[in-house]
Amino acid sequence: MKHRISIATQAFLILVLVSCSSPIPATEKQPTSPPDILPSATAPPMPTPIPSATPGICPPYYSEAQEILRLNLPSDLFGLVPADFNDDGWLDVLVYRGFNQTQNAAPLEILLNDGHGNLYLGTDQVFSESVPSTVAPREAVVADFNGDGRPDIFLADQGLDAPPTPGQRNSIALSIPDGLMVDASANWPDFTDFSHSATAADIDMDGDVDLYVGNTWGENMIPPAIFLNSDGKGTFIHAGGRLPYPLEDLDFGAFTTSEFVDVNNDTFPDLILGDAGDDLEGGPDSHVLLNDGRGYFKYSKNAIPPKPWSDTNSALDIKAADINEDGYQDLLILFTRWEYMGRYIQVLINNQDGTFRDETATRLPQSENYDHWFTWVQLLDINLDGQLDLVTFPSWGDKQFNFYINTGNGFFQEMPNPFGFTSEIFTIFDIDQDGDLDALWTTIYPEEVYYLNRSNGCNTLGQRVTSTPVAAPAPTTDMATTVSPFRDDFNGALSIGWDWIGEDPAHWNLTESPGDLRIILQPDGMGEGEPTNLLVREAPGGNFEITTLVDFLPTSNFQFAGLLIYQSQGNAVQLGRAFAECSVSNKCLGNAIYFEMVEGGASGELNFGTIVKSETQAYLRLRREGTTYTGYYSENGTEWVIIGVHESNIVPRYVGLIAAQAYQSETTADFDYFTIYLLP
């Protein structure tokens, strides 16, 4: 049968972190049994913004990526798995690899977290002696096999994926005191089997974690089987006869994916087997096997509906979760055709008795296709709204994956790639413990550039205004659901697409306040003269809003720093912090937030001066809806108040940042980020 095409050997591996705004579920399934390892996948560069959104949906947003590590690994990369391998409280990453189409083995690697959300190669700090090696590891399972409360590793190694398919002994790594691990592969039976999948759970309820290993057709024809944890310390024995006939006989067919999950809420982990699509005479299809509580399994008759296209479709992955929130575990089964063309994710809803019905047509509509196949699917709450979203992992050589947002109660809508990269090997987890979801991805081309991405998540994109004004009373309003096509965090370089109007390189930099854009204010502004260092980019069409966080202490007339919507010199809308002293008491309030419209070089009558609590920091939001421009201010980035509303017929050409009008003395303004959001 076919398998994934290998990544070129002698690969120069680049590992990259992409920060995302949504909490990461660190396991792939609901907690009814010990977690399987997170699946692997990869990815290429530059963020792709989401262009539109359905009302009520809060799409995730990722900014640009930053390279964090380069490794010269002369092997084929199969996957990445996050877990705390050195017991320091931070998630590290298992890199498992091999040499596909050969019988050469490659050692696994451990990337250690430095406690600041960065990774470094630390295999020799975790393994003091030998390191497990694999030829073609098809699945990795991370679970506590020795009962010490720390993650251990099992690697299902297929071996040479070419005739005569001799198979390979599977590998185990166990934790030991002091944050170390040892190669415990000798604890596994001496089988050279052709293992294609694995899943872990305490099947006999004796307090330790057992394994099912899904062997397929190898030279030795060693069948799939249960392996019991015989001593509770990670020593496994073959336990034949626990699966119903003929599931331990490869002459009747095979299964390419597997998952332990309690399907009938009796607290015993049941076993789901995904059919290889062999269509042998009398051979099995996908099955639900019910656990009797002692680790012996029996058929649940007619539990799995028919496959989407043909009896010869191959199941590639199974994920379990309570998709419709009824308290029972549902299933997602990933399929491709026998010839590994096409991709289809079947959504099966639990009938609350361990059997399932097919609700794919309404929950995840798909059409028949011959596209590249996917290797895995993963359920993650990407946008932090409490609903599990769906991410697919592409087959080798494809790099394009799909993302489906959960619109509520298990109904999925496909959306453009939110991560800003395309790749085959990646994993998603909270690397820096800041509560959002980061994505670690790889590429094999050293000439490509990678970046660190941060996201705002649902709390920013779907923000509602609920607070009362700090000083000047203003009505509150709902902030419409928005989609961000752009964000720059000013981390070391300006993003592509920026232009300067009146650039003076000596009076701006990204170095004096790392992570900020610093502009040193100069004379002139929107009303007169030629402004200096206006940072602008092309304005979106239609309705939009822009946001920033600025740290700025103005002390003399009429220093100003903030957001700008610009048509031409003398025709603009600007919202920001400024200093103004004059005889007009309602317009000049000293250090305050001001919202001004400039047309024909003259400022409008209203500047909506508002004194706020902070004298330096200001979160600003400027919204355009037709000819209406609304300015908002926030002390914390979550509770917003309206500063004012202008009507203007200007035609926005650019949006950006302004720090100007230093007529009496220079000062600095530090901008933390800049975003653009599209509005309905």
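Being a predicted model, the structure only gives us computed values, none of them experimental. (Residues numbered from 1 in each chain as written. Predicted model: local features only at pLDDT ≥ 70, side-chain atom pairs only at ≥ 80, totals over all residues. Heavy atoms only, no water.)

A.B. asks: Would you mind going over the pairing of strand β11 (residues 171–176) with me for this structure?
C.D. replies: Regular strands place side chains that alternate from one sheet face to the opposite one. Burial analysis of β11 places five of its six residues in the buried class, the great majority of the element. Hairpin connection from β11 to strand β12 (residues 180–183): three residues lie between these consecutive antiparallel strands, with Asp-178 at a positive phi of about 70°. (Buried < 20%, exposed > 50% of the residue type's maximum accessible area, 1.4 Å probe, protein only. Helix = DSSP H or I, 4+ residues; strand = E, 2+ residues; numbered from the N terminus. Pairing = 2+ DSSP bridges.)

A.B. asks: Explain the packing of aromatic side chains to me, please; I cannot follow it from the model alone.
C.D. replies: To describe a pair of aromatic rings, you give the distance between the ring centres and the angle between the ring planes. Under the definition given, this model contains 16 aromatic pairs. Taken together, a centroid distance of 5.5 Å and an interplanar angle of 55° make the contact between Trp-188 and Phe-236 tilted. Here Trp-188, found in the loop between β12 and β13 (195–201), pairs with Phe-236, found in strand β16 (residues 236–239); they are 48 residues apart in sequence, far enough to count as distant. With respect to burial, Trp-188 and Phe-236 carry one shared label: buried. Members of the aromatic cluster, connected to one another through ring pairs, are Phe-145, Phe-154, Trp-188, Phe-191, Phe-227 and Phe-236. Above the face of the Phe-411 ring, Arg-363 is positioned so that its terminal group lies 4.3 Å from the ring centre. Above the plane of the ring of Tyr-673 lies Arg-487, whose end atom (NZ or CZ) is 4.5 Å from the centre. (Phe/Tyr/Trp six-rings, centres within 6.5 Å; stacked < 30°, edge-to-face > 60°. Lys NZ or Arg CZ within 6 Å of the ring centre and 35° of its normal.)

A.B. asks: What is the right way to read unusual backbone geometry from this model?
C.D. replies: A negative phi angle is the norm for most residues apart from glycine, just as the trans form is the norm for most peptide bonds. Along the chain, Tyr-245 connects to Pro-246 via a cis peptide bond; the corresponding omega equals 0°. Within the element layout of this structure, Pro-246 appears in the loop between β16 and β17 (255–261). The residue after Asn-557, namely Phe-558, is reached through a cis peptide bond having omega -10°. Even without being glycine, Thr-267 reaches a positive phi, approximately 75°. Positionally, Thr-267 belongs in the loop between β17 and β18 (270–275). The class of Thr-267 is exposed, set by a relative accessible area of 53%. One non-glycine residue, Asn-533, lies in the positive phi region at around 55°. The topology assignment puts Asn-533 in the loop between β34 (517–520) and β35 (534–538).

A.B. asks: Quick question: what am I supposed to make of the state of the cysteines here?
C.D. replies: One pass over the structure, following the stated rule, counts one disulfide. Between Cys-582 and Cys-588 runs a disulfide, and the two sulfur atoms are separated by 1.7 Å. An S-S torsion of about 100° defines the bridge between Cys-582 and Cys-588 as right-handed. (Disulfide = S-S within 2.5 Å.)

A.B. asks: Would you mind going over the sheet that holds strand β14 (residues 210–215) with me for this structure?
C.D. replies: Strand pairing in a sheet relies on backbone hydrogen bonds. The paired strands run either parallel or antiparallel. With respect to topology, four strands assemble into an open sheet ordered β13-β14-β15-β16, the strand pairing being antiparallel. Of all strands in the sheet, those bounded by a partner on one side alone are β13 and β16. The average angle at which neighbouring strand axes cross in this sheet is 25°, direction not considered. Of the pairings in the sheet, the one linking β13 to β14 comprises six bridges and is antiparallel in character. (Axes fitted to C-alpha atoms, helices over the stretch in contact; angles between N-to-C directions.)

A.B. asks: In this structure, what is going on with the sheet that holds strand β24 (residues 356–358)? I would like to understand it.
C.D. replies: Reading across from one edge, β21-β22-β23-β24 is the order of the four strands in this open sheet, with antiparallel pairing throughout. A single partner strand is all that each edge strand has here, and the edge strands are β21 (314–321) and β24. Pairs of neighbouring strands in the sheet enclose a mean axial angle of 30°, with direction left out of account. Taken together, the five bridges between strand β22 (residues 330–336) and strand β23 (residues 344–350) define a ladder with antiparallel strand orientation.

A.B. asks: In this structure, what is going on with the environment of Met-341? I would like to understand it.
C.D. replies: If you trace the backbone, Met-341 turns up in the loop between β22 and β23. Setting aside residues no more than four positions away along its own chain, Met-341 makes contact with Trp-309, Thr-336, Tyr-370 and Asp-371. (Contact = heavy atoms within 4.5 Å.)

A.B. asks: Would you mind going over the confidence of the model for the chain with me for this structure?
C.D. replies: Note that predicted coordinates carrying low pLDDT should not be read in detail. Looking at the chain as a whole, the pLDDT averages 81, with 81% of positions reaching at least 70. Here residues 1–56 scores under 50 on pLDDT; set against residues more than four positions off or in separate chains, the count is 293 contacts. Every residue in residues 445–453 scores below 50 in pLDDT, and together they form 47 contacts with partners more than four places removed in sequence or on other chains. (pLDDT = per-residue confidence, 0-100.)

A.B. asks: Explain the pattern of salt bridges here, please?
C.D. replies: Side chains that differ in sign of charge can pair as their charged atoms come close. Inspection of the entire model under this criterion finds 14 salt bridges. For the salt bridge of Arg-518 with Asp-670, the shortest nitrogen-to-oxygen distance reads 2.7 Å. Of the two residues, Arg-518 sits in strand β34 while Asp-670 sits in strand β45 (residues 668–678), which places them 152 residues apart along the sequence. An identical accessibility class is assigned to Arg-518 and Asp-670; each is buried. Between Glu-625 and Arg-623 there is a salt bridge, and its shortest N-O distance comes to 3.9 Å. (Salt bridge = Lys/Arg side-chain N within 4 Å of Asp/Glu carboxyl O.)

A.B. asks: Teacher, can you tell me more about the environment of Gln-387 here?
C.D. replies: Note that Gln-387 resides in the loop between β25 (374–380) and β26 (389–394). Residues Gln-387 and Asn-409 lie 22 residues apart in sequence; the distance between their C-alpha atoms is 7.5 Å. Beyond its immediate stretch of four places on either side in the chain, Gln-387 contacts Glu-325, Leu-380, Asp-381, Asn-406, Gly-408, Asn-409 and Gly-410. At a separation of 3.2 Å, a polar atom in the side chain of Gln-387 contacts the side chain of Glu-325. Engagement of the side chain of Gln-387 in a polar contact is seen with the backbone nitrogen of Asn-409, the distance being 3.2 Å. (Polar contact = N/O pair within 3.5 Å; in protein donor to acceptor, adjacent residues only side chain to side chain.)

A.B. asks: What's the story with the nonpolar core in this structure? I'm lost.
C.D. replies: The nonpolar side chains of a soluble globular protein tend to be buried, and buried together. By size, the foremost hydrophobic cluster in this structure holds 40 residues, and its most contacted members are Phe-490, Leu-517, Ile-546, Phe-671 and Phe-674. The next biggest cluster of nonpolar side chains, apart from the first, holds 33 residues, and it includes Val-81, Ile-153, Ile-405 and Ile-428. (Core = buried A, V, L, I, M, F, W, Y, C linked by side-chain atoms within 4.5 Å.)

A.B. asks: Would you take a moment to explain the side chain of Gln-522 for this structure?
C.D. replies: Residue position: Gln-522 is located in the loop between β34 and β35. On the accessibility criterion, Gln-522 (14% relative accessible area) is buried. Separated by 3.4 Å, the side chain of Gln-522 and the backbone oxygen of Ile-520 make a polar contact. Apart from the residues within four sequence positions on either side, Gln-522 is in contact with His-507, Thr-532, Ala-660, Gln-661, Ala-662 and Glu-666.

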